[in-house]
There are 2 protein chains.
Amino acid sequence: MNLREIGEFGLIERIDRMIARGQRSLPNDLIIGIGDDAAVWKNDFHTVTVSTVDTLVEGIHFTREFSSWQDVGWKALAVNLSDVAAMGADPRWALVALSLPDRMPFDDVRRLYQGLIACARRYRTHLVGGNITKSPGSLVVSVTVTGSVKPRRLWRRDGARIGDVIAVTGHLGEAAAGLAALKKNTSVPSAVRRYRRPIPRLDAARRLQKAGITVHAAIDLSDGLAGDLRHVCKASRTGARVDLDVLPVTPSTVRLARRFNVPLDRWSLGGGEDYELLLTMTEKDFNKALKLFRKKLTPIGIVTPGRDIRFYRNGRPTGICIAGFRHF
Amino acid sequence: MNLREIGEFGLIERIDRMIARGQRSLPNDLIIGIGDDAAVWKNDFHTVTVSTVDTLVEGIHFTREFSSWQDVGWKALAVNLSDVAAMGADPRWALVALSLPDRMPFDDVRRLYQGLIACARRYRTHLVGGNITKSPGSLVVSVTVTGSVKPRRLWRRDGARIGDVIAVTGHLGEAAAGLAALKKNTSVPSAVRRYRRPIPRLDAARRLQKAGITVHAAIDLSDGLAGDLRHVCKASRTGARVDLDVLPVTPSTVRLARRFNVPLDRWSLGGGEDYELLLTMTEKDFNKALKLFRKKLTPIGIVTPGRDIRFYRNGRPTGICIAGFRHF
């Protein structure tokens, strides 16, 4: 059996089980291990530590054709900050592990670091260490980000409750639209920028935390709404109902979908890399939250009993089933 | 200018400067940023957090020919634990970022994790998260390890003092001898095992800490004694004098050097991957330490004024200059 046959999430499940068996008892101060946006452990009485790692590989996550080295540096850090945001936490420290082809000009490494530094400054995170090795092939950049949050304010993936409103920040499918535009040599700056320089929703997370709103479950939309919502429902042992008519999309995403003759749902449900947050909370908390965000927080469905995720259009169930992005 | 022209350490220096300029003021709770075995930040009043990342790349750090997947998994974690040991700290949590070719059989991933899990159990570290992506070429595994130590017990790279004894744990050059044996299809189990399954010197670090011995500077020997000692001297603004006659080597390393007609110094000074600790401390502390270790701690020289590292044989200076391992 090779990895393609098992699939990415099948692989992660198997590894999770191996580790659980291998390590026998988990330490008391581990709060979240494998299976959320970040690992979480107790720090002191006041905070828990949140730590996450993500990798970008040349030829898989980016190509030189569509992204500058500055874009790659920005994105390598931003995707991790997005995971920290999805825990409701504040990022603080970043380690960068780079594997570089030795024919690479130093100027390109400099540009990559310009992007990393720009992103670190914007989100008040510090680049404090790392590791550099040669690569026989593609460039690989892994970033580890560590941050913290008060334990009672931690947003888990597995806390969704039946009846919760499912809400998303910002707009969906725009990064996929941007990538499609790049592939067709079309210039749509907002969508392209969204693909190249994702915005981790730390500001949204902070605003919700500051207002004292209780988020039951959260995940960042890196693989696409359909797949990421499935992770939340699976972890929380719930189902969900999603109203396709209200998914927030930008006018340029709609235009590009029409122009390239792509069903809009493919991007809004299945397109990854938007790095918006999906949140579930009580209706009461959602109404409070709405006042903080105006149009930038959209209710798209509710958490339901059972295990199914049902997509509705015009009030009627559709047969839609869209898989999120999987590596294998 | 490409990376080969700048060199690994030239590259790291340039990146360090860029980050220092880009981030302007460093936060007060950052204790060590780039330029030691790990990054260190304040945790609470009692401890500091130590965090480090290291990457193994197929074709650069290992080949399928010479290491099993279990060996690769073990080593990927062990090299990080060695960095933690070199800070005098205790490791606790590990994140694993894997980039895998999709034609890879699941059984090989399982074996890789068997190695990771075995090493984690042996050194009481917990695998708590990570990330898996596809790789278009080689397998790349980056491990981030986080641990802690009391702030006054932290071992820095830049604390060597003139007159300090320079000591190393264990034996030098054995991993290089093991790799050479593998390349010549020779079986020398101890040396080969040393290359495949390095032992992070956490036990030695703990013993020294427990006995209350003050270590002024420490580094783990990953690139080779000559190069790693140079890092300590550069960071500490000192020189060093090393007595080549007393470098601890195993009989099998001596035999293999003779057999392959390799100058022994090339392995003991320039061979990397031994993952022993190099420590500097006062003579008084060294004498205390010696009682804890018997033959497993060897004084090899002293810290001197100036900036030069001089190698002596039979009491006379030699012209020896051996570069440590560099990626570029």
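Residues numbered from 1 in each chain as written. Chains lettered and ligands numbered in written order. Predicted model: local features only at pLDDT ≥ 70, side-chain atom pairs only at ≥ 80, totals over all residues. Heavy atoms only, no water.

Q: Would you mind going over the overall build of chain A in detail, with residue names and values included?
A: Counting its regular elements, chain A contains 11 helices and 13 strands. Computed over its C-alpha atoms, the radius of gyration of chain A comes to 20 Å, within 12% of the 20 Å expected for a compact globule of 328 residues. Seen through its principal axes, chain A has C-alpha atoms that stretch 55 × 55 × 45 Å. In chain A, buried positions account for 61% of the 328 residues. A separation of at least 24 residues holds for 83% of the contacts in chain A among residues at least 6 apart in sequence. A total accessible area of about 13,800 Å² is found for chain A, and carbon and sulfur atoms account for 48% of it. Computing the positive centroid from 51 side-chain charges and the negative centroid from 33, chain A places the two 4 Å apart. (Helix = DSSP H or I, 4+ residues; strand = E, 2+ residues; numbered from the N terminus. Rg over C-alpha atoms; globule rule 2.2 N^0.38 Å. Buried < 20%, exposed > 50% of the residue type's maximum accessible area, 1.4 Å probe, protein only. Contact = heavy atoms within 4.5 Å. Areas by Shrake-Rupley, 256 points an atom, 1.4 Å probe, with all protein chains shown as cover. Lys, Arg positive; Asp, Glu negative; His and termini not counted. Charge placed at Lys NZ, Arg CZ, Asp CG, Glu CD.)

Q: Please set out the packing of aromatic side chains residue by residue, giving values where relevant.
A: Applying the stated criterion to the full structure yields 6 aromatic pairs over all chains. When the ring of A:W41 is compared with that of B:W93, the centres are 5.1 Å apart and the planes differ by 15 degrees; the resulting orientation is stacked. Placement of the pair is A:W41 in strand β2 (residues 39–42) and B:W93 in strand β4 (residues 90–100), with the two residues belonging to separate chains. Taking relative accessible area as the criterion, A:W41 reaches 6% and is therefore assigned buried. Since its relative accessible area comes to 4%, B:W93 is described here as buried. (Phe/Tyr/Trp six-rings, centres within 6.5 Å; stacked < 30°, edge-to-face > 60°.)

Q: Can you lay out the relation of the copies chain A and chain B for me, pointing to particular residues and giving the numbers?
A: Both copies of the chain are tied together by a single rotation about an axis and a shift running along it. For the pair chain A and chain B, the best superposition has an RMSD of 0.0 Å and corresponds to a rotation of 180 degrees with a translation of 0.0 Å parallel to the axis. Taken together, these values place the two copies in the relation of a two-fold axis. Proximity to the rotation axis, assessed at the C-alpha, singles out A:G137 in chain A; its C-alpha lies 3.1 Å from the axis. Both copies share a contact surface, since 100% of the interface residues of chain A are interface residues in chain B too. (Least-squares fit on C-alpha atoms with pLDDT ≥ 70 in both.)

Q: Explain the sheet that holds strand β10 (residues 277–281) of chain A to me, using residue names and the numbers behind them.
A: Residue and element names in this part refer to chain A. Taken together, 7 strands build an open sheet; the order of strands is β8-β10-β7-β11-β9-β12-β13 and the sheet is mixed. Each end of this open sheet is capped by a strand with a single partner; those strands are β8 (217–220) and β13 (316–317). By the bridge criterion, 4 bridges tie strand β7 (residues 165–169) to β10 in an arrangement that is antiparallel. When the sheet's bridge partners are listed, V168 is paired in β10 with L278. Where helix α8 (residues 225–236) meets the sheet, it contacts β7, β8, β9 (239–243), β10, β11 (297–304) and β12 (309–313), and its direction lies at approximately 145 degrees from that of β8. (Pairing = 2+ DSSP bridges. Axes fitted to C-alpha atoms, helices over the stretch in contact; angles between N-to-C directions.)

Q: Give a description of the interface of chain A and chain B that names residues and reports values.
A: Size of an interface, as often reported, equals the accessible area lost when the parts are brought together. Across the boundary between the two partners, chain A contributes 74 residues, which contact 74 residues of chain B. A combined buried area of about 6,100 Å² lies between chain A and chain B, and 67% of that area is made up of carbon and sulfur atoms. On inspection of chain A and its partner chain B, the count reaches 4 salt bridges. For B:D102, the salt bridge identified is with A:R4, shortest N-O distance 2.4 Å. Scanning the region where chain A abuts chain B turns up 18 residue pairs in polar contact (both at pLDDT 80 or more). (Buried area = accessible area lost by both parts, 1.4 Å probe. Salt bridge = Lys/Arg side-chain N within 4 Å of Asp/Glu carboxyl O. Polar contact = N/O pair within 3.5 Å; in protein donor to acceptor, adjacent residues only side chain to side chain.)

Q: Before we move on, could you go through the pattern of salt bridges and cite the residues and values that matter?
A: Pairs can form between side chains of opposite charge once their charged atoms are near each other. Residue and element names in this part refer to chain A. Considering all chains together, one arrives at 42 salt bridges over all chains under this definition. For the salt bridge of D37 with R157, the shortest nitrogen-to-oxygen distance reads 3.1 Å. Pair noted here: D37 is in the loop between β1 (30–32) and β2 and R157 is in the loop between β6 (140–149) and β7, with a separation of 120 residues, a long-range link. When sorted by exposure, D37 lands in the same class as R157, which is buried. Put simply, E174, R194, R201, D274 and E276 are held in one network by salt bridges that share partners.

Q: How would you summarise the environment of B:T133 if you had to cite specific residues and measurements?
A: You can see B:T133 is positioned in strand β5 (residues 126–134). We classify B:T133 as buried; its relative accessible area is 1%. In this structure, the C-alpha to C-alpha distance between B:T133 and B:A289, residues 156 residues apart in sequence, is 45 Å. Beyond its immediate sequence surroundings of up to four residues, B:T133 is in contact with A:T55, A:V57, A:H61, A:H327, A:F328, B:L98, B:S99 and B:L100.

Q: Can you explain the environment of A:L269? Please cite residues and give values.
A: All names here are of chain A. For L269, the position within the fold is in helix α10 (residues 264–270). With a relative accessible area of 0%, L269 lands in the buried category. Placed 205 residues apart in sequence, L269 and R64 show a C-alpha to C-alpha distance of 27 Å.

Q: Can you lay out α8(A) for me, pointing to particular residues and giving the numbers?
A: Helical geometry: 3.6 residues make up each α-helical turn, so side chains three or four residues apart lie on a common side. With 12 residues, α8(A) should cover 16 Å at 1.5 Å per step; its first-to-last C-alpha distance of 16 Å lies within 8% of that length. Taken together, the buried positions of α8(A) are A:L225, A:A226, A:G227, A:D228, A:L229, A:H231, A:V232, A:C233 and A:S236. (Expected span 1.5 Å × (residues − 1).)

By themselves these figures say nothing about function.
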